[in-house]
Amino acid sequence: DSGVTQTPKHLITATGQRVTLRCSPRSGDLSVYWYQQSLDQGLQFLIQYYNGEERAKGNILERFSAQQFPDLHSELNLSSLELGDSALYFCASSPTGAPYEQYFGPGTRLTVT
Amino acid sequence: GESVGLHLPTLSVQEGDNSIINCAYSNSASDYFIWYKQESGKGPQFIIDIRSNMDKRQGQRVTVLLNKTVKHLSLQIAATQPGDSAVYFCAEIPSQGAQKLVFGQGTRLTINP
């Protein structure tokens, strides 16, 4: 158990809908990272927040957004969902703003039908 | 550019043998490398890391070797056990100060009894 929690574990929704994925980092960690894992793309970095502020952006679509709250938990919002958004979404946390020592949560499996 | 790839997508070894998983990278400025293990239905789990100023690092039953001349990284697992069955990913921080990890596609390690 990495200490990172993610909810929900599974999510099934229809195209065009919007969902919110939630992540709680390890106690004391200030950074949260979001990744998408699909069969044909591997693990793709989406976005990083550090102490409430956006720190780095990767291959995140404009339909996706994220935020980190004062208690350091983070939410990833996915809107106007398409079939191709079906994937595993992982969050990871690290103690500082640097991307070393990232600990991953168990993931949320999103299925868009 | 940023590119981390794996020589082989699958690897089968006999229980008790040593396993070697390879990874090539293309960016000579890459500063830091990590190996993750991902078991079915779980998030990636940190195994071992190595900085670019080192060429070898050992952990419990694992060794990471870094050859900067040929831009090659390997993970050696000694006395492979059934619990080592998983997908193994190498990841890199593509340059000093970069704020993200770039993951390779992964190698599936299967242990034969």
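These notes cover the structure that comes with them. Since the structure is predicted, the reported quantities are computational estimates derived from the model, not experimental observations. (Residues numbered from 1 in each chain as written. Chains lettered and ligands numbered in written order. Predicted model: local features only at pLDDT ≥ 70, side-chain atom pairs only at ≥ 80, totals over all residues. Heavy atoms only, no water.)

### Side note on the overall build of chain A
Part 1 of the argument: Counting its secondary structure elements, chain A contains zero helices and eleven strands.
Part 2 of the argument: The N-to-C order of helical and strand elements in chain A reads β-β-β-β-β-β-β-β-β-β-β.
Part 3 of the argument: Each principal axis of the C-alpha atoms in chain A carries an extent, and together these give about 35 × 30 × 25 Å.
Part 4 of the argument: Looking at chain A as a whole, 51% of its 113 residues are labelled buried.
Part 5 of the argument: Of the contacts made within chain A by residues no fewer than 6 positions apart, 55% connect residues no fewer than 24 positions apart.
Part 6 of the argument: Roughly 5,300 Å² of accessible area belongs to chain A as shown, and the carbon and sulfur atoms make up 48% of that amount.
Part 7 of the argument: For chain A, the centre of its 8 positive side-chain charges and the centre of its 11 negative side-chain charges are spaced 3 Å apart. (Helix = DSSP H or I, 4+ residues; strand = E, 2+ residues; numbered from the N terminus. Buried < 20%, exposed > 50% of the residue type's maximum accessible area, 1.4 Å probe, protein only. Contact = heavy atoms within 4.5 Å. Areas by Shrake-Rupley, 256 points an atom, 1.4 Å probe, with all protein chains shown as cover. Lys, Arg positive; Asp, Glu negative; His and termini not counted. Charge placed at Lys NZ, Arg CZ, Asp CG, Glu CD.)

### Focus: the overall build of chain B
Part 1 of the argument: Counting its secondary structure elements, chain B contains zero helices and eleven strands.
Part 2 of the argument: For chain B, the α and β elements follow one another from N to C terminus as β-β-β-β-β-β-β-β-β-β-β.
Part 3 of the argument: A compact globule built from 113 residues should have a C-alpha radius of gyration of about 13 Å, and chain B, at 13 Å, falls within 12% of that.
Part 4 of the argument: With respect to the principal axes defined by its C-alpha atoms, chain B has extents near 45 × 25 × 20 Å.
Part 5 of the argument: When the 113 residues of chain B are sorted by exposure, 45% land in the buried category. (Rg over C-alpha atoms; globule rule 2.2 N^0.38 Å.)

### Overview of the interface of chain B and chain A
Part 1 of the argument: Contacts between the two partners involve 17 residues from chain B, matched on the other side by 22 residues from chain A.
Part 2 of the argument: Buried area between chain B and chain A, both sides added, is near 1,500 Å², and the carbon and sulfur share of it is 57%.
Part 3 of the argument: When the buried area of chain B at its contact with chain A is split by residue, Pro44(B), Gln99(B) and Phe103(B) rank highest and sum to 34% of it.
Part 4 of the argument: Here chain B and chain A share three residue pairs in polar contact (both at pLDDT 80 or more) between them.
Part 5 of the argument: Looking at side-chain class alone, the side of chain B that touches chain A contains eight nonpolar, five polar and four charged residues. (Buried area = accessible area lost by both parts, 1.4 Å probe. Polar contact = N/O pair within 3.5 Å; in protein donor to acceptor, adjacent residues only side chain to side chain. Nonpolar A, V, L, I, M, F, W, Y, C, P; charged D, E, K, R; others polar.)

### Overview of the nonpolar core
Part 1 of the argument: One finds Leu21(A), Trp34(A), Leu76(A), Leu78(A), Tyr89(A) and Leu110(A) to be the most contacted residues of the largest nonpolar core, which totals 21 residues.
Part 2 of the argument: Among the elements of the structure, strand E3 (19-24), strand E4 (31-38), strand E5 (42-50), strand E7 (64-68), strand E8 (74-78), strand E9 (87-94) and strand E11 (108-112) of chain A are those that each provide at least two residues to this core.
Part 3 of the argument: Ranked by size, the runner-up nonpolar core spans 20 residues in total, among them Leu11(B), Cys23(B), Leu73(B) and Ile111(B). (Core = buried A, V, L, I, M, F, W, Y, C linked by side-chain atoms within 4.5 Å.)

### Some words on the sheet that holds E3(A)
Residues and elements named next belong to chain A.
Part 1 of the argument: Pairing is antiparallel in the open sheet, where four strands are placed in the order E1-E3-E8-E7. The open sheet has two free edges, formed respectively by strand E1 (5-7) and E7, since each of these has just one partner strand. Each neighbouring strand pair of the sheet contributes to a mean axis angle of 15 degrees, computed without reference to strand direction.
Part 2 of the argument: The pairing of E3 with E8 spans five bridges and is classified as antiparallel. Across the sheet, residue Thr20 finds its bridge partner in E8, namely Asn77. (Pairing = 2+ DSSP bridges. Axes fitted to C-alpha atoms, helices over the stretch in contact; angles between N-to-C directions.)

### Section: the environment of Pro44(B)
Part 1 of the argument: Looking at the secondary structure, you find Pro44(B) in the loop between strand E4 (32-38) and strand E5 (45-51).
Part 2 of the argument: C-alpha of Pro44(B) to C-alpha of Val87(B): the two residues are 43 residues apart in sequence and 8.9 Å apart in space.
Part 3 of the argument: Ignoring any residue separated from it by four or fewer positions in sequence, one finds Pro44(B) in contact with Leu43(A), Phe90(A), Phe104(A), Tyr36(B), Lys37(B) and Gln38(B).

### A closer look at the layout of surface pockets
Part 1 of the argument: A volume near 620 Å³ is recorded for the largest pocket.
Part 2 of the argument: Secondary structure elements with two or more residues in the lining of the largest pocket: E4, E9 and E11 of chain A together with strand E9 (86-93) and strand E11 (107-112) of chain B.
Part 3 of the argument: Grouping the constituent residues of the lining of the largest pocket by class yields eight nonpolar, eleven polar and four charged.
Part 4 of the argument: Approximately 290 Å³ is the volume found for the second largest pocket.
Part 5 of the argument: Lining the second largest pocket we find 15 residues, and of these Asp1(A), Ser2(A), Phe104(A), Gly43(B) and Gln45(B) sit closest to its centre.
Part 6 of the argument: Residue assignment for the lining of the second largest pocket shows that the elements contributing at least two residues are strand E10 (103-104) of chain A together with E5 of chain B.
Part 7 of the argument: Looking at the lining of the second largest pocket, its residues break down into six nonpolar, five polar and four charged. (1 Å grid on protein atoms, 1.4 Å probe; cavity = no way out; pocket = protein on both sides within 12 Å on 5 of 7 lines; lining within 4 Å. Points joined across faces, edges and corners; volume = space filled by probe spheres on them.)

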